Amino acid sequence: QVQLVESGGGLVQAGESLTLSCTASGHSSTFVGYVMGWFRQAPGKDREFVSAISWSGDSTYYADDVKGRFTISRDNSKNMVYLQMNGLKPEDTALYYCAAQEGWRPTRAVAYEHWGQGTQVTVTS
């Protein structure tokens, strides 16, 4: 099992940037086998897909409303995953979760076996 802890959330104004980090604990051979994803959940809304990255980091996926603004990356040597968020909008306000799965269904929350507790991102206009 892998344990995930998010950090880097905060309060920013529209147009500013934040970088979220997800630190994974567990055996390195286990970590590199996981697809890693970012999801977010705003009050009154379902948890929605934001971005995902393959085991090797060669393949990335983005939700339509964040593509071009957000960048996902991973550093397997450090057991870390990142989400760089540029040009933040008030609509991006949500609790952001890091997640891990053994398979390759990157956009489906149900496919992820492990979840962090979330980090809050609040964007003011």
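Our structure is the block above this text.
Since the structure is predicted, the reported quantities are computational estimates derived from the model, not experimental observations.

Peer 1: Can you walk me through the packing of aromatic side chains in this structure?
Peer 2: In this description, an aromatic ring pair is defined by two values, namely the gap between the centres and the angle between the planes. The tally for this structure, following the rule as stated, stands at 7 aromatic pairs. Within the aromatic cluster, the residues linked to one another by ring pairs are Phe 39, Phe 49, Tyr 97, Tyr 112 and Trp 115. Taking NZ or CZ as reference, Arg 47 lies 3.8 Å from the ring centre of Tyr 97, over its face. Its end group placed over the ring of Trp 115, Arg 47 keeps NZ or CZ at 4.7 Å from the ring centre.

Peer 1: I keep staring at the sheet that holds strand β8 (residues 80–85) and nothing clicks. Help me out?
Peer 2: Strand pairing in a sheet relies on backbone hydrogen bonds. The paired strands run either parallel or antiparallel. With antiparallel pairing, 4 strands are arranged side by side in an open sheet as β1-β3-β8-β7. Every interior strand has two partners, whereas the edge strands, β1 (3–7) and β7 (70–75), have only one. Adjacent strand axes in the sheet meet at a mean angle of 15°, parallel and antiparallel pairs treated alike. Across 6 bridges, β7 lies against β8 in antiparallel orientation. Looking at β8, one finds that Arg 74 is bridged to Val 81.

Calculation criteria
- Residues numbered from 1 in each chain as written.
- Predicted model: local features only at pLDDT ≥ 70, side-chain atom pairs only at ≥ 80, totals over all residues.
- Heavy atoms only, no water.
- Phe/Tyr/Trp six-rings, centres within 6.5 Å; stacked < 30°, edge-to-face > 60°.
- Lys NZ or Arg CZ within 6 Å of the ring centre and 35° of its normal.
- Pairing = 2+ DSSP bridges.
- Helix = DSSP H or I, 4+ residues; strand = E, 2+ residues; numbered from the N terminus.
- Axes fitted to C-alpha atoms, helices over the stretch in contact; angles between N-to-C directions.

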